[in-house]
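Take a look at the letters that make up each chain.
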Amino acid sequence: LCIWIGHNCRKNRIDAYKTAVNTLTECVNSGRAKRNHGYDIYFPPGCTIGSQVRKAMLFYPGALVDHTAYAVMMSIKEF
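These remarks concern the structure in this document. (Residues numbered from 1 in each chain as written. Predicted model: local features only at pLDDT ≥ 70, side-chain atom pairs only at ≥ 80, totals over all residues. Heavy atoms only, no water.)

1. Some remarks on the pattern of salt bridges
Here is step 1 of the chain: Applying the stated criterion across every chain yields a total of one salt bridge.
Here is step 2 of the chain: The residue Asp 40 makes a salt bridge to Arg 35 at a minimum N-O spacing of 2.7 Å.
Here is step 3 of the chain: Exposure remark for Asp 40: the relative accessible area of 14% places this residue in the buried category.
Here is step 4 of the chain: Looking at Arg 35, the relative accessible area reads 40%, which means it is partly exposed. (Salt bridge = Lys/Arg side-chain N within 4 Å of Asp/Glu carboxyl O. Buried < 20%, exposed > 50% of the residue type's maximum accessible area, 1.4 Å probe, protein only.)

Spelled out as structure tokens, the structure:
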């Protein structure tokens, strides 16, 4: 049952808008984000992969929405 629910959640997931895809691409190209399988990592301004940070924010997206859809919100320069 759990496998069936998980499969249907992924199958019926809503795609991200083009603006979110473009924002993620810009963040990846500038070093402010890193794409991984199933999730993305966003870095604060002035930080990139390997930087030490004092604060971080964890965000868990909804099950029926593609995680790329949150790129615009997660790319905000100040939390």
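2. Digging into a nonpolar patch on the surface
Here is step 1 of the chain: Taken together, Met 57, Phe 59, Met 73 and Ile 76 make up a surface patch of nonpolar side chains, about 360 Å² in accessible area.
Here is step 2 of the chain: For Phe 59, the position within the fold is in the loop between strand S2 (39-42) and helix H3 (71-74).
Here is step 3 of the chain: For Phe 59, a relative accessible area of 35% gives the class partly exposed. (Patch = residues over 30% accessible without salt bridge, like charges linked within 9 Å, V, L, I, M, F, W, Y side chains within 5 Å. Areas by Shrake-Rupley, 256 points an atom, 1.4 Å probe, with all protein chains shown as cover. Helix = DSSP H or I, 4+ residues; strand = E, 2+ residues; numbered from the N terminus.)

3. Brief notes about the pairing of S2
Here is step 1 of the chain: Burial along S2 is one-sided: the face carrying Asp 40 and Tyr 42 is buried and the face carrying Tyr 39 and Ile 41 is not.
Here is step 2 of the chain: Taken together, the four bridges between strand S1 (residues 33-36) and S2 define a ladder with antiparallel strand orientation. Within S2, the residue paired with Ala 33 across the bridge is Tyr 42.
Here is step 3 of the chain: Hairpin geometry of S1 and S2 is characterised by an intervening segment of two residues between the two adjacent antiparallel strands and by a positive phi of about 90° at Gly 38. (Pairing = 2+ DSSP bridges.)

4. A word on the nonpolar core
Here is step 1 of the chain: Counting eight residues, the largest nonpolar core consists of Ala 16, Ala 20, Leu 24, Cys 27, Ala 33, Tyr 42, Ala 71 and Met 74.
Here is step 2 of the chain: Each residue touching Ala 33, except ones within four places of it in the same chain, is listed here: Leu 24, Cys 27, Val 28, Ile 41, Tyr 42 and Phe 43. (Core = buried A, V, L, I, M, F, W, Y, C linked by side-chain atoms within 4.5 Å. Contact = heavy atoms within 4.5 Å.)

5. Description of the layout of surface pockets
Here is step 1 of the chain: Space inside the largest pocket adds up to approximately 680 Å³.
Here is step 2 of the chain: Around the largest pocket, the lining is made up of 24 residues, and of these Asp 40, Ile 41, Tyr 42, Met 57 and Met 74 lie nearest the centre.
Here is step 3 of the chain: If one sorts the elements of the lining of the largest pocket by residue count, S2 sits on top with four residues.
Here is step 4 of the chain: Among the residues making up the lining of the largest pocket, the classes are represented as 16 nonpolar, five polar and three charged. (1 Å grid on protein atoms, 1.4 Å probe; cavity = no way out; pocket = protein on both sides within 12 Å on 5 of 7 lines; lining within 4 Å. Points joined across faces, edges and corners; volume = space filled by probe spheres on them. Nonpolar A, V, L, I, M, F, W, Y, C, P; charged D, E, K, R; others polar.)

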